[in-house]
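Observations on chain architecture
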Amino acid sequence: MSATDPNKYPIELPFPDIARYREGNTGVDYYTSFDSGAAGPHVLINALVHGNEVCGVIALERLFEAGIQPKRGKLTLGFSNVAAYQAFDPGDPMASRFVDEDMNRVWDIETLEGDRKSSELERARQMRPLIDTVDLLFDVHSMQHKTDPVIVAGPLERSVALSKRLGTPEIIVADTGHAAGRRLRDYGGFGEPGSDKTAVLIECGQHWEAAAAPIAIDSVYRWLLIHDMIDEAEAGPHLLPLPPAQRVVKVEAAVTVETDKFEFAQPFTGLETLKEGELIGIDGGTEIRAPHDGCVLIMPSRRLTPGATAVRLGRWAD
Ligand SMILES: [Zn+2]
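Keep in mind the model is a prediction, meaning the values are calculated, not measured. (Residues numbered from 1 in each chain as written. Predicted model: local features only at pLDDT ≥ 70, side-chain atom pairs only at ≥ 80, totals over all residues. Heavy atoms only, no water.)

Digging into the side chain of Gln 246
Rule in force here: Each helix corresponds to a stretch of at least 4 residues labelled H or I by DSSP, and each strand to a stretch of at least 2 residues labelled E; elements are numbered beginning at the N terminus. Buried, partly exposed and exposed residues are distinguished by accessible area as a fraction of the type maximum, computed with a 1.4 Å probe on protein chains only: under 20%, between the cut-offs, and over 50%, respectively. Any pair of nitrogen or oxygen atoms within 3.5 Å is treated as a polar contact; in protein, a donor-acceptor pairing is required on top of that, and neighbouring residues in sequence qualify only through side-chain atoms on both sides.
Tracing the backbone through its elements, the reader meets Gln 246 in the loop between α7 (232-235) and β8 (247-256). Gln 246 gets classed as buried once you look at its relative accessible area, which sits at 17%. A distance of 3.2 Å separates the side chain of Gln 246 from the backbone oxygen of Ser 163, its partner in a polar contact. A polar contact of 2.9 Å, which involves the side chain of Gln 246, links it to the backbone oxygen of Pro 169.

Some points on the nonpolar core
Our working definition: Here the nonpolar core consists of buried residues drawn from Ala, Val, Leu, Ile, Met, Phe, Trp, Tyr and Cys, with membership extended through side-chain atoms lying within 4.5 Å. Contacts are assigned to residue pairs that have any heavy atoms within 4.5 Å of one another.
In this structure, Ile 45, Phe 79 and Trp 223 are the most contacted members of the largest nonpolar core, which totals 51 residues. With eleven residues, the single largest contributor to this core is helix α6 (residues 212-226). What Trp 223 contacts, discounting residues up to four positions off in sequence, is Val 43, Leu 44, Ile 45, Leu 136, Leu 137, Phe 138, Leu 162, Leu 166 and Val 200. Formed by 19 residues, the second largest nonpolar core is a distinct cluster that contains Val 28, Tyr 31, Tyr 187 and Phe 190.

A look at the coordination of the zinc ion
Convention followed: Any nitrogen, oxygen or sulfur atom within 2.8 Å of a metal ion counts as a donor, with the limit raised to 3.2 Å for Na, K and Ca, and since water is left out, coordination shells can look unfinished. Just to be clear on the cut-offs, tetrahedral is four donors with all angles between 85 and 135 degrees, square planar is four donors and octahedral six with opposite donors over 155 degrees apart and all others between 65 and 115, and anything else goes down as irregular.
Every protein donor of the zinc ion is listed here as His 50 (ND1), Glu 53 (OE), Glu 53 (OE) and His 141 (ND1), and their distances to the metal cover 2.0 to 2.3 Å. Classification of the site at the zinc ion as irregular follows from its four donor atoms and the range of 58 to 149° in their angles at the metal. Sequence spacing of the donor residues for the zinc ion, all on one chain, is H-x2-E-x87-H. One end of the pair, His 50, is in the loop between β2 (42-47) and α1 (55-65); the other, His 141, is in strand β4 (residues 136-143), and 91 residues separate them in sequence.

Quick notes on the domain arrangement of the chain
Short version of the rule: An automatic or database domain assignment is the source of the domain bounds shown. Put simply, buried area is the surface a 1.4 Å probe can reach on two separate parts but cannot reach once they are joined, added for both. Each reported salt bridge corresponds to a side-chain nitrogen of Lys or Arg within 4 Å of a carboxyl oxygen of Asp or Glu.
Looking at the chain, the domain boundaries give domain 1 (6-238) and domain 2 (251-316). Look at where the C-alpha atoms of domain 1 and domain 2 centre, and you get two points 26 Å apart. The interface is formed by 23 residues belonging to domain 1 together with 16 residues belonging to domain 2. A buried area of about 1400 Å², summed over both sides, lies between domain 1 and domain 2, and 59% of it is on carbon and sulfur atoms. Per-residue buried area on domain 1 facing domain 2 is highest for Gln 144, His 145 and His 178; these three make up 29% of the total on that side. The interface formed by domain 1 and domain 2 holds one salt bridge in total.

A closer look at the sheet that holds strand β14 (residues 309-316)
Stated precisely, the cut-off is as follows: Two strands are counted as paired when DSSP detects at least two bridges linking them. To define axes, lines are fitted to C-alpha atoms, for helices over the stretch in contact only, and angles between the resulting N-to-C directions are given on a 0 to 180 degree scale.
Strand order in this open sheet of eleven strands is β1-β3-β2-β4-β7-β5-β6-β8-β14-β13-β10, and the pairing throughout is mixed. The strands lining the two open edges of the sheet, one partner per strand, are β1 (31-35) and β10 (273-274). In this structure, strand β5 (residues 150-152) lies alongside strand β6 (residues 171-174), joined through three bridges in parallel fashion. Directly across from Ile 151, in β6, lies its bridge partner Ile 172. This element, α1, spans β1, β2, β3 (74-79), β4 and β7 (198-206) of the sheet and lies at about 140° to β3. Most of the contacts of helix α4 (residues 119-131) go to β1, to which it runs at about 10°, and overall it touches β1, β2 and β3.

Here is the structure:
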């Protein structure tokens, strides 16, 4: 197997039929709320911002099938890019990441309110009134490459703090988004320094690896537990052991693809730590080298089109 072609990873997870969740009760297809009637935050656990990231579907199914009922506040469970998910083809599994464009790059106000049209923007515009009512977003994702699960906490300290309360996975990436557009996790109040809203995004492992499902399930139960929406006894059977300690890597720079000839120097998969001057890649003849010792590569991409993020560069913060 080539480590450089995500299409070659085996599909170990089932892709459940989610048609039964279409109706929901929120006015937005595939979003269902459970209101405790007691005071508390509106918590959203969200799957399928990327259509081929099935571990979030499996985790939400577990909650639906368990008949989840929050003790306080309101819990919403939802599936975002259903059109892409339903187009999943095991013969070309990377193709169904999206229909027209990356749904995690459309969440700035100008784009949402602008004239551009795409399958993902249409869906984002449907979801937006609901998203606007959410206090705490947990966005479940997976990665192109088989690397350790990580939290993507964004640039704000309150999201790092909440990721530490979650307690897992071991690695927390504190980052600033992508040049190509704003992520859901940075949308509106989630990304505003003064807001009470917080978003945490988890990357549970490689998109289709069996191990990503129990990690997603563990994380959604822990998310409900830290917000006091369920009891330990209810969460217990679904949890994995916590890592001994979490580590934070701070993203300091992004390598954005400039030409249509970008190549990595090695088949990087992420979290490699490079020395100053080590070659990362070549972009149309320009060498890209590690700017300092202890330079950590964050989620190198294989979608190397101009304007996209090739890889982000960070440093261990502790
Ligand atoms: Zn994703």
